[in-house]
Amino acid sequence: MVGSVIVYKDQIIGEGWHQKAGEPHAEVNAVDSVKDKSLLKKATIYVSLEPCSHFGKTPPCSDLIIAHGIKNVVIGTIDPFAKVAGRGIQKLIQAGCNVVVGVLEKECQDLNKRFFTFHQQKRPFIILKWAQTSNGFLAPLIQNQREPVWISNRYNKQLVHKWRSEEQAILIGTQTAIKDNPKLDTRLWKGKSPLRLVIDKDLKIPTQSHLYLQETPTVFFTALKKENKKFIEFETLDFNQPLISQICDFLYRKEIQSLIVEGGAKTLQEFINKNYWDEARVTKNLNSWENGISAPKINGKINNKINLQDNTVTFYEAD
């Protein structure tokens with residue numbers, strides 16, 4: 001997610017953004033949009049992420065800037081990707097460009113927080129999500145139905161499906177899968193469903209569950225050896241060792257940059273306790289229950305709140 005503008009005499013003469021992996025980068029689109037290319041030698045190009053310096057799916061953008069004689073380059077933040085990581089800046093400086101780095105740096109990093117987390121921490125960006133009653137209960141103590149007991153309203157449900165469409169993978173634990181029989185898809189929002197991940201040590205989840213029957217790629221983390229099926233992968237983990245780090249290592253190998261965790265209280269609290277989270281999105285309903293399973297306990301910086309009728313969604317950021 002990279003944007004670029006080209007400015008000449010305080011007027012924007014070109015702009016572009018990276019629309020899809022494998023397609024032209026922001027700098028290419030910005031340069032192509034300039035009608036009078038002769039102005040480029042006297043212009044300044046602004047770009048939110050360091051111009052690339054290597055041949056990947058597209059040619060190096062630093063070479064493009066140099067070739068068009070753009071002498072002034074303002075960069076929001078350095079690219080953490082190992083094949084770039086300062087090399088684009090170095091190439092521009094060696095070519096005689098005036099380079100300024102670190103303008104609105106935090107904002108530029110936030111724009112690509114999944115990308116930065118993946119490359120710097122070698123794990124996906126992790127979002128925790130749950131709904132609770134006004135007095136802090138996540139689920140009833142006894143659940144008689146094999147489907148979710150809803151706390152959130154229909155607007156919140158749709159918002160959750162939007163969130164799912166924005167992330168690459170989604171994770172739940174065994175009990176959530178057994179009790180709720182979830183689909184973990186984006187049926188209430190247009191978009192691609194995330195890769196479904198399920199912790200199921202002893203493979204207790206019934207094979208007639210939606211997780212098995214739907215033709216959506218699903219990974220079961222288990223202690224058992226089992227042959228993969230169409231759309232179903234069984235990944236054997238050592239349940240005597242820290243589990244979350246093993247899951248994150250698996251996702252890093254699969255190049256999954258973001259994960260939303262929708263598990264039950266135990267799974268969510270484990271991510272919190274082990275400090276494997278970056279954001280939390282907590283929905284609170286006005287209703288209260290006499291008893292139930294307590295919601296996870298979390299400490300973090302509140303950076304936003306939204307109201308959806310009788311639901312309030314609080315967004316936390318890890319300290």
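Treat the numbers as computed from the prediction; the structure is a model and nothing was measured.

1. As for the environment of H25
Relative to the elements of secondary structure, H25 occurs in the loop between strand 2 (11-17) and helix 1 (26-32). Assessed through its relative accessible area of 22%, H25 is described here as partly exposed. Along the chain, H25 and T222 lie 197 residues apart, while their C-alpha atoms are 40 Å from each other.

2. Some remarks on the sheet that holds strand 4 (residues 72-77)
Strand order in the open sheet formed by five strands is 2-1-3-4-5, with mixed pairing between adjacent strands. In this open sheet, the two edge strands, each paired with only one partner strand, are strand 2 and strand 5 (98-101). For this sheet, the mean inter-axis angle between neighbouring strands, taken without regard to orientation, is 15°. Where strand 4 meets strand 5, four bridges bridge the pair, whose relative direction is parallel. When the sheet's bridge partners are listed, V74 is paired in strand 5 with V100. On the sheet, helix 3 (residues 87-94) packs against strand 4 and strand 5 and is oriented at approximately 150° with respect to strand 5.

3. With respect to the UniProt feature "binding site: Zn(2+)" (unreviewed entry) in the chain
As recorded in UniProt, the feature "binding site: Zn(2+)" (unreviewed entry) lies at H25, C52 and C61. For the residues just named, distributed over 37 residues, the greatest C-alpha separation is only 9.1 Å, placing them together at one site. Residue position: C52 is located in the loop between strand 3 (44-49) and helix 2 (61-67). Once residues lying within four places of it in the same chain are set aside, the contact partners of C52 are H25, P59, P60, C61, S62 and V84.

4. Description of helix 5 (residues 113-121)
Listed as buried for helix 5 are F115, F116, T117, F118 and H119. On the buried face of helix 5, the contacting elements are strand 3, strand 4, helix 4 (105-111), strand 6 (125-132) and helix 9 (243-253). Note on helix 5: the residue one or two positions beyond its end, K122, has a positive phi of about 60°.

5. With respect to unusual backbone geometry
Of note in the backbone geometry, K122 takes a positive phi value of approximately 60° without being a glycine. Tracing the chain through its elements places K122 in the loop between helix 5 and strand 6. In this model, N181 sits at a positive phi of 45°, which is unusual for a non-glycine residue. Within the secondary structure, N181 is located in the loop between helix 7 (174-180) and strand 9 (195-199).

6. Details of the nonpolar core
Residues L128, W130, L197, F221 and L259 are the most contacted members of the largest nonpolar core, which totals 30 residues. Of all the secondary structure elements, the ones that give two or more residues to this core are strand 6, strand 8 (169-172), strand 9, strand 10 (218-222), helix 9, strand 12 (258-261), helix 10 (265-273) and strand 13 (279-285). Counting residues per element, this core draws most heavily on helix 9, which supplies five residues. Once you skip the residues sitting within four places of it in the chain, L259 turns out to touch P124, F125, I126, I127, A169, I170, L171, L197, L251 and F271. Judged by nonpolar contacts, the second largest core, of 22 residues, contains V2, I45, V73 and C97.

How each quantity is defined
- Residues numbered from 1 in each chain as written.
- Predicted model: local features only at pLDDT ≥ 70, side-chain atom pairs only at ≥ 80, totals over all residues.
- Heavy atoms only, no water.
- Helix = DSSP H or I, 4+ residues; strand = E, 2+ residues; numbered from the N terminus.
- Buried < 20%, exposed > 50% of the residue type's maximum accessible area, 1.4 Å probe, protein only.
- Pairing = 2+ DSSP bridges.
- Axes fitted to C-alpha atoms, helices over the stretch in contact; angles between N-to-C directions.
- Contact = heavy atoms within 4.5 Å.
- UniProt positions renumbered as here; feature names shortened; annotations may be inferred.
- Core = buried A, V, L, I, M, F, W, Y, C linked by side-chain atoms within 4.5 Å.

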